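Summary of structural features
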Amino acid sequence: MSTKNKYILLLIISIVSSLSCDNADKKPLKSYPSDLPVIDLRGLIQENKKEIIPIFSPDDKIEYVPLKDYPEGVGFQDVLVTETHIYVILSHYLGLLVYDREGNLLQQHEEPGFHLFELVHDKQNSRVFASGWSNTWILDEKTGEPLGDAQTIYHLPAHSVVYPLSSNRLLTLYGKEDTHYSTKVGASICGYDGSRLTDSVYIGKGNKELHACWWSWSTFVMEDGMDDYLFFTFFRNAPFQTIYRTTPEGIKPAYYLDIEPDTDIRYAWKTGDSLCFIYHLLCQGYILVPTNITLAIYNMKTGELKSQQLLNKMPSPESNCYLGISNTIDNTLPIQMENVSERNQQICYLLTGKNVQAYLQKEKIRGQRPDFIRTMNTSSDPVVVIINYLHKK
């Protein structure tokens, strides 16, 4: 082969190689129903970036409150912290506990037959909504007692959860009429009497919906400013997800979210200008064996997307601590992004002795251990973690 031909061949190889590398870095082109902004998480879970994305700082405050007289061996469904009380829904329909902020048990309410599963604070009206399979129980936040004789919001579909939009309007998310199906597929704005003020918005994906299971974590609701919400139901293996924005006036699509099949989103929250997600791959798409646990942060103003691999593989399914993010406040246990309130700049969640011990058997913590960690065993009273943080841009 002549020298000239060799140069031509090398040039062709170089160009083809360059194009191949460029295409490898690009995500497959997709079309969406409209020109809404797209939060495209595809590919991030494979990048395995290790650089820590700072979420918290030493200026943020963390508080640990042991819950006294907690029923031994009983699990929990949800926890809520207000200015005056701590509320805990017990598992197995065993009722609702009301504590003061120091962890002293004040009241234990028998469950009113609703199969309670979620707590929401209506701060404007000093109420707490305890939502269940068939209805919503209302408590007076000032006293922790059921609110007079009006203990329920009537005329709502099965598995409804309500969120306060204004002094007289609620965002209502609900499942199918089937009493064993809790995945949220519908949304509307209702009055406090349960009357529907807007047409329902169907947020389902047909046969792509998650299996019917009332303990599913598939619906995520995020406070957006003082009155609004962003929310979505995650339908695994759907072509894309739709994130909706709700104001007192109505419900409209705000973003499309794209992610690989066979992944599961565990936490989604908003802080400042950013939407944040923690998600992972699933073994065969169904068995909960989390790998490639990833944090992704999308800036809603600039469109910038950042990611960090939190963990390659979850060593123990017994501890949700492995799904947490780096604790740069006191450098102890990872922070679980549950019950995030942007309006109150607060995060709260409950740690059980079993959860903590399962983590400490395999992991070391860098900071000085709080007293409760040094003495905690599998039969200890649980501890509520309360974090007050500064807004992050």
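Scroll up to find the structure.
Summarised in this report is the structure supplied together with it. (Residues numbered from 1 in each chain as written. Predicted model: local features only at pLDDT ≥ 70, side-chain atom pairs only at ≥ 80, totals over all residues. Heavy atoms only, no water.)

Here we take up the packing of aromatic side chains. All chains considered together, the criterion is met by 12 aromatic pairs. Aromatic side chains Tyr32 and Phe240 sit 5.8 Å apart centroid to centroid with 75° between the ring planes, which places their arrangement in the edge-to-face category. Taken together, the residues span a long stretch of sequence, with Tyr32 in the loop between helix H1 (3-25) and strand E1 (38-40) and Phe240 in the loop between strand E16 (228-233) and strand E17 (241-247) at a distance of 208 residues. Comparing Tyr32 with Phe240 shows no difference in burial state: the two are buried. Put simply, the rings of Tyr32, Phe240 and Tyr256 pair up and form one aromatic cluster. Against the face of Tyr229 rests Arg343, its NZ or CZ located 4.6 Å from the ring centre. (Phe/Tyr/Trp six-rings, centres within 6.5 Å; stacked < 30°, edge-to-face > 60°. Helix = DSSP H or I, 4+ residues; strand = E, 2+ residues; numbered from the N terminus. Buried < 20%, exposed > 50% of the residue type's maximum accessible area, 1.4 Å probe, protein only. Lys NZ or Arg CZ within 6 Å of the ring centre and 35° of its normal.)

Mapping Gln107 onto the fold places it in strand E6 (residues 105-109). Assessed through its relative accessible area of 15%, Gln107 is described here as buried. A polar contact is formed between the side chain of Gln107 and the backbone oxygen of Thr143, at a distance of 2.7 Å. The residues contacting Gln107, other than those within four sequence positions of it, are Leu96, Leu97, Val98, Thr143, Gly144 and Glu145. (Polar contact = N/O pair within 3.5 Å; in protein donor to acceptor, adjacent residues only side chain to side chain. Contact = heavy atoms within 4.5 Å.)

Attention now moves to the pattern of salt bridges. Here the structure, examined in full by the defined rule, presents 11 salt bridges. In this structure, Arg42 engages Asp258 in a salt bridge whose closest nitrogen and oxygen atoms are separated by 3.8 Å. One end of the pair, Arg42, is in the loop between E1 and helix H2 (44-47); the other, Asp258, is in strand E18 (residues 250-258), and 216 residues separate them in sequence. Comparing Arg42 with Asp258 shows no difference in burial state: the two are buried. We note a salt bridge from Lys301 to Asp273, for which the minimum N-O separation is 4.0 Å. Taken together, the residues Lys301 in the loop between strand E21 (287-299) and strand E22 (305-313) and Asp273 in the loop between strand E19 (263-271) and strand E20 (274-283) connect sequence positions 28 residues apart. By relative accessible area, which is 67% here, Lys301 ends up exposed. Since its relative accessible area comes to 16%, Asp273 is described here as buried. (Salt bridge = Lys/Arg side-chain N within 4 Å of Asp/Glu carboxyl O.)

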